[in-house]
Amino acid sequence: MSSAQQKIAFIGLGSMGLPMARRLLDAGHPLTVWNRTAAKADALVADGAVRAASAADAVRDADVVITMLADPAAALAVADDLLPALRPGTHWIDTSTIGPDAVRALAARLPEGVTLIDAPVMGSVDRAAAGELLILAGGDTTPVAAVLDRLGQVTPCGGPGTGAALKLVLIDAAIGGVALVAEVLALAGALGLPRELALRMLSQGPLSGAVARATATGSHFPVALAAKDVALATAVTELPVLRAVHTALTRDPALLGEDLSAVIRQGVSGGGY
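The structure presented is a predicted model; accordingly, all values stated were derived computationally and were not measured.

Student: Sorry if this is basic, but what is going on with the overall build of the protein here?
Tutor: Tallying secondary structure elements over the protein gives 13 helices and nine strands in all. Computed over its C-alpha atoms, the radius of gyration of the protein comes to 20 Å, within 12% of the 19 Å expected for a compact globule of 273 residues. Oriented by its inertia axes, the alpha-carbon framework of the protein measures out at about 65 × 40 × 30 Å. Taking all 273 residues of the protein together, the buried fraction comes to 47%. A separation of at least 24 residues holds for 62% of the contacts in the protein among residues at least 6 apart in sequence. Only carbon and sulfur atoms are counted for the fraction: they give 59% of the accessible area of the protein, which is about 11900 Å². Separation of charge centres in the protein, based on 20 positive and 25 negative side chains, amounts to 3 Å.

This is how it looks when you write it as structure tokens:
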């Protein structure tokens, strides 16, 4: 079967899943979609995707299943529905950020003949729409290489679970960097320095990437999901700095639905700048 003929089921059409599914549909893949909030699939269905009544119905005839879900609880709940419907030969690609423990829990429940690739992604909605995500893959991606290539650049990480592990390292570095930018901007304000001067000079040093993310306008990575990713990391080992970042991210419930860049407007210490 050619890659263009692979039937794909896409589960989870949130801010990241929707543009990813759109790229696969536009590439000509037969696409079946399911989302807990059914209306999120409307635009894809209007352009030729098939709406499934449940996750199980979506994956029943699929060659490739892709999930993009919010957290381990969501992934495990969806697995309860879809696992019994997977047929031998199906390749399941989980692009969610759920950590290696949840990946191992899912892998332990696979039906015979089904493979699971953990392939969490780095990049926000703008890069998802452009097919420029960084895909961190654990497991053998050969059977699904053409599908993943539509979504971005694949970095092989090793065996199952290694993609999920590296994602925690990279995303927590990024979140911690943005939090640090927010803190030093608060310091600059307390010292009477102009904000734009501080940002300009920070962007010329080792925090340049964090400054770029902290001031990005085309991204949507809710503070709530950032806090979830930090919590996954601090559950693995003692990380006092990231634990403090988690406390700061969750201090103001009004920020939880906003993009991570909101922390430099509010200031992670709550003082604002």
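Student: Quick question: what am I supposed to make of the side chain of Thr141 here?
Tutor: Mapped onto the fold, Thr141 is located in the loop between β8 (133–138) and α7 (145–151). For Thr141, a relative accessible area of 18% puts it in the buried group. With sequence-adjacent residues up to four places away left out, Thr141 is seen in contact with Ile117 and Leu148.

Student: Looking at this structure, how should I read the packing of helix α4 (residues 72–82) against helix α5 (residues 99–107)?
Tutor: Axes are the key here: two packed helices are described by the angle between their axes and the distance separating the axes. At their nearest, the axes of α4 and α5 sit 10 Å apart, and the two run at 5° to each other. Accordingly, the angle class assigned to the pair α4 and α5 is roughly parallel. From α4, Pro72, Ala75, Leu76 and Ala79 reach across to α5, where they touch Ala102, Ala105 and Leu106. Within the contact of α4 with α5, the residues separate by chemical class into seven nonpolar, no polar and no charged.

Student: What is the right way to look at helix α12 (residues 240–249) in this model?
Tutor: Since one α-helical turn is 3.6 residues long, residues separated by three or four positions face the same way. Buried within α12 are the following residues: Leu242, Val245, Ala248 and Leu249. Mapping the buried residues of α12 onto a view down its axis gives an arc of 110°, with all of them on the same face.

Student: Sorry, what's going on with the pairing of β8 here?
Tutor: Side-chain positions along a regular strand alternate between the two faces of the sheet. Counting buried residues along β8, five of its six residues qualify, which places the element largely inside the surrounding structure. Pairing between strand β7 (residues 121–122) and β8: two bridges, direction antiparallel. Paired with Val121 across the bridge in β8 is Ile135. Inspection of the sheet shows β8 paired to strand β9 (residues 152–158) by six bridges, in the parallel sense. Bridged to Leu133 within β9 is Gly152. Following the backbone out of β8, through α7 and into the adjacent parallel β9, one traces a crossover that is right-handed.

Student: Explain the pattern of salt bridges to me, please; I cannot follow it from the model alone.
Tutor: Pairing of side chains with opposite charge becomes possible as their charged atoms draw close. With the rule as written, the count across this model stands at nine salt bridges. The shortest N-O distance in the salt bridge between Arg22 and Asp26 comes to 3.6 Å. One end of the pair, Arg22, and the other, Asp26, are both in helix α1 (residues 17–26), four residues apart, so they sit about a helical turn from each other. Salt-bridge contacts for Asp101 lead to Arg104; the nearest nitrogen and oxygen are separated by 2.5 Å.

Student: What is the right way to look at the layout of surface pockets in this model?
Tutor: Over the atoms a probe the size of a water molecule is rolled, and this reveals where empty space is left. What the largest pocket holds in volume is close to 920 Å³. Forming the boundary of the largest pocket are 40 residues, of which Ser15, Met16, His220, Phe221 and Leu225 lie nearest the centre. Elements with a minimum of two residues in the lining of the largest pocket: α4, β7, α6 (125–130), α8 (162–190) and α11 (223–234). Of the residues forming the lining of the largest pocket, the biggest block, four residues, is contributed by α8. In terms of residue class, the lining of the largest pocket is built from 20 nonpolar, twelve polar and eight charged.

Student: Explain the UniProt feature "domain: 6-phosphogluconate dehydrogenase NADP-binding" (unreviewed entry) in the protein to me, please; I cannot follow it from the model alone.
Tutor: The positions that UniProt labels "domain: 6-phosphogluconate dehydrogenase NADP-binding" (unreviewed entry) are, in the present scheme, residues 7–153. The span residues 7–153 is 36% helix and 22% strand, and its two end C-alpha atoms sit 21 Å from each other.

Student: Mind showing me how you'd approach the environment of Ala27 here?
Tutor: By the secondary structure assignment, Ala27 is in the loop between α1 and β2 (31–34). Between the alpha carbons of Ala27 and Val147 there is a distance of 9.4 Å; along the sequence they are 120 residues apart.

Student: For this particular structure, what's the right way to read the environment of Asp71?
Tutor: Within the secondary structure, Asp71 sits in the loop between β4 (64–67) and α4. The class for Asp71 is partly exposed, based on a relative accessible area of 27%. Each C-alpha atom, one on Asp71 and one on Lys7, is 25 Å from the other, the two residues being 64 residues apart in sequence. Leaving out residues up to four positions away in the same chain, Asp71 has contacts with Thr97, Ile98 and Lys228. A polar atom in the side chain of Asp71 sits 2.8 Å from the backbone nitrogen of Ala74.

Calculation notes
Residues numbered from 1 in each chain as written. Predicted model: local features only at pLDDT ≥ 70, side-chain atom pairs only at ≥ 80, totals over all residues. Heavy atoms only, no water. Helix = DSSP H or I, 4+ residues; strand = E, 2+ residues; numbered from the N terminus. Rg over C-alpha atoms; globule rule 2.2 N^0.38 Å. Buried < 20%, exposed > 50% of the residue type's maximum accessible area, 1.4 Å probe, protein only. Contact = heavy atoms within 4.5 Å. Areas by Shrake-Rupley, 256 points an atom, 1.4 Å probe, with all protein chains shown as cover. Lys, Arg positive; Asp, Glu negative; His and termini not counted. Charge placed at Lys NZ, Arg CZ, Asp CG, Glu CD. Axes fitted to C-alpha atoms, helices over the stretch in contact; angles between N-to-C directions. Parallel < 35°, antiparallel > 145°, perpendicular 65-115°, else oblique. Nonpolar A, V, L, I, M, F, W, Y, C, P; charged D, E, K, R; others polar. Arc of directions from axis to C-beta. Pairing = 2+ DSSP bridges. Right-handed = clockwise from strand over helix to strand, strands pointing away. Salt bridge = Lys/Arg side-chain N within 4 Å of Asp/Glu carboxyl O. 1 Å grid on protein atoms, 1.4 Å probe; cavity = no way out; pocket = protein on both sides within 12 Å on 5 of 7 lines; lining within 4 Å. Points joined across faces, edges and corners; volume = space filled by probe spheres on them. UniProt positions renumbered as here; feature names shortened; annotations may be inferred. Polar contact = N/O pair within 3.5 Å; in protein donor to acceptor, adjacent residues only side chain to side chain.

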